[in-house]
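Structure assessment
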Amino acid sequence: MAKHMTKRIFLLFSVTGMLGATAQAETPVERGRYLVEGVLTCGNCHSPRGPGGVIDTTKLYSGGPQTWNEPTFTVKGSNITPDPESGIGKWSADDIKTALIQGVRPSGEPLAPIMPYGFYRVFTTTDLDAVAAYLRSVPAISNGVQAPVYKASFHVEVPPGADKRMTEADLRDPVKHGFYLVTIAHCMECHTPKVDDRLDFTNGLGKGGQTFHGPWGESVSRNITSHAATGIGEWSDEEIKRAITQGIRKDGSHLKPPMGFDWYARMTDADLDAIVSYLRTVPPKE
């Protein structure tokens, strides 16, 4: 009797466990949404904004109003909804993935490197597929965006260690996982100073100092290295995570956009912990 009861209990827990795992399993579209909205913050550049720079959530991903006028190009955030005329509705999943990691449209036209495709080379195969799946699932919105203007040849920024695709096995290491997330979130694109229009990864990785103008006024990227005085070396894990997800620094002052803390607030605790683990390893820069 006891033997049969034990077997029934084992089977019950086994079935319950399998049902729970199934219920929690993410579809590619769900994973893609998490990445696009919570990590990549695509809507930060690719969505219209209302008064005060507030994202117009009724027109997500249909093209941003801000203009990047750089020495080598002038562009706006393009329409990345599946609208067939003004968006990417005629693009295949492979076309989207090629644009993400190589910076090339189906027509062969290059994307301006304000689109951080040099950072996206680390994408795992599964996550890259998921992002493409999600972008193909969002509502199509017709919204024509000014075509890019290319003034000169441009270069592609690739952070140290981000020149090849990472694997699922890599992500089991907390620091590597954090590096992966920080890279696809292209944090160091804003938090590294530029010298002669190039990100100075060698001498300034994470040092901050770039200035950004927008509806929020002017903001300057902060030092996110492990430096004790000028960086976040003396911050607690919770203080770092609060800055990422709420835009509040250790001293209580508030960060400004384009830091996407409203988007990052959607990240899981596990992913935030991994990011903190990686940031602790970034060499201090004053």
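Calculation notes
- Residues numbered from 1 in each chain as written.
- Predicted model: local features only at pLDDT ≥ 70, side-chain atom pairs only at ≥ 80, totals over all residues.
- Heavy atoms only, no water.
- Pairing = 2+ DSSP bridges.
- Helix = DSSP H or I, 4+ residues; strand = E, 2+ residues; numbered from the N terminus.
- Axes fitted to C-alpha atoms, helices over the stretch in contact; angles between N-to-C directions.
- Parallel < 35°, antiparallel > 145°, perpendicular 65-115°, else oblique.
- Contact = heavy atoms within 4.5 Å.
- Nonpolar A, V, L, I, M, F, W, Y, C, P; charged D, E, K, R; others polar.
- Core = buried A, V, L, I, M, F, W, Y, C linked by side-chain atoms within 4.5 Å.
- Buried < 20%, exposed > 50% of the residue type's maximum accessible area, 1.4 Å probe, protein only.

Moving on to the pairing of strand E6 (residues 211–214). Here four bridges tie E6 to strand E7 (residues 217–220), and the two strands are oriented antiparallel to one another. If you follow Thr-211 over to E7, its bridge partner there is Val-220. Where E6 folds back onto E7 in an antiparallel hairpin, the turn is made up of two residues.

The subject of this paragraph is the packing of helix H6 (residues 174–184) against helix H11 (residues 269–279). The packing of two helices is summarised by the inter-axis angle and the distance between the axes. The interhelical angle for the contact between H6 and H11, taken along N-to-C directions, is 100°, at an axis separation of 7 Å. With respect to H11, the element H6 is oriented roughly perpendicular. Residue-level inspection shows Pro-174, Val-175, His-177, Gly-178, Phe-179, Leu-181 and Val-182 of H6 in contact with H11, the latter providing Asp-271, Ala-274, Ile-275, Ser-277, Tyr-278 and Leu-279. A class-by-class count of the residues in the contact of H6 with H11 yields nine nonpolar, three polar and one charged.

Formed by 57 residues in total, the largest nonpolar core has its most connected members in Ile-184, Met-188 and Leu-279. At the level of elements, helix H2 (28–39), helix H4 (93–102), helix H5 (125–135), H6, helix H7 (187–190), helix H9 (237–246), helix H10 (261–264) and H11 are the ones that each hand at least two residues to this core. Among the elements that take part in this core, H11 stands out by supplying six residues, more than any other. With residues up to four places along the chain from it excluded, the contact list for Leu-279 reads Val-182, Met-188, Ile-224, Ser-226, Ile-232 and Ile-240.

The three strands are arranged E1-E2-E3 in an open sheet whose pairing can be described as antiparallel. In this open sheet, the two edge strands, each paired with only one partner strand, are strand E1 (67–69) and strand E3 (149–150). Bridge count for E1 against strand E2 (residues 73–76) is three bridges, and the pairing is antiparallel. Its bridge partner lying in E2, Thr-67 is registered against Lys-76.

Moving on, we come to the environment of Met-188. By the secondary structure assignment, Met-188 is in helix H7. By relative accessible area, which is 4% here, Met-188 ends up buried. Put simply, Met-188 and Tyr-278 are 90 residues apart on the chain and 12 Å apart in space, counted from C-alpha to C-alpha. Sequence-distant contacts of Met-188, defined by excluding residues within four places in its chain, comprise Phe-119, Val-182, Leu-199, Phe-201, Leu-205, Gly-206, Ile-224, Tyr-278, Leu-279 and Val-282.

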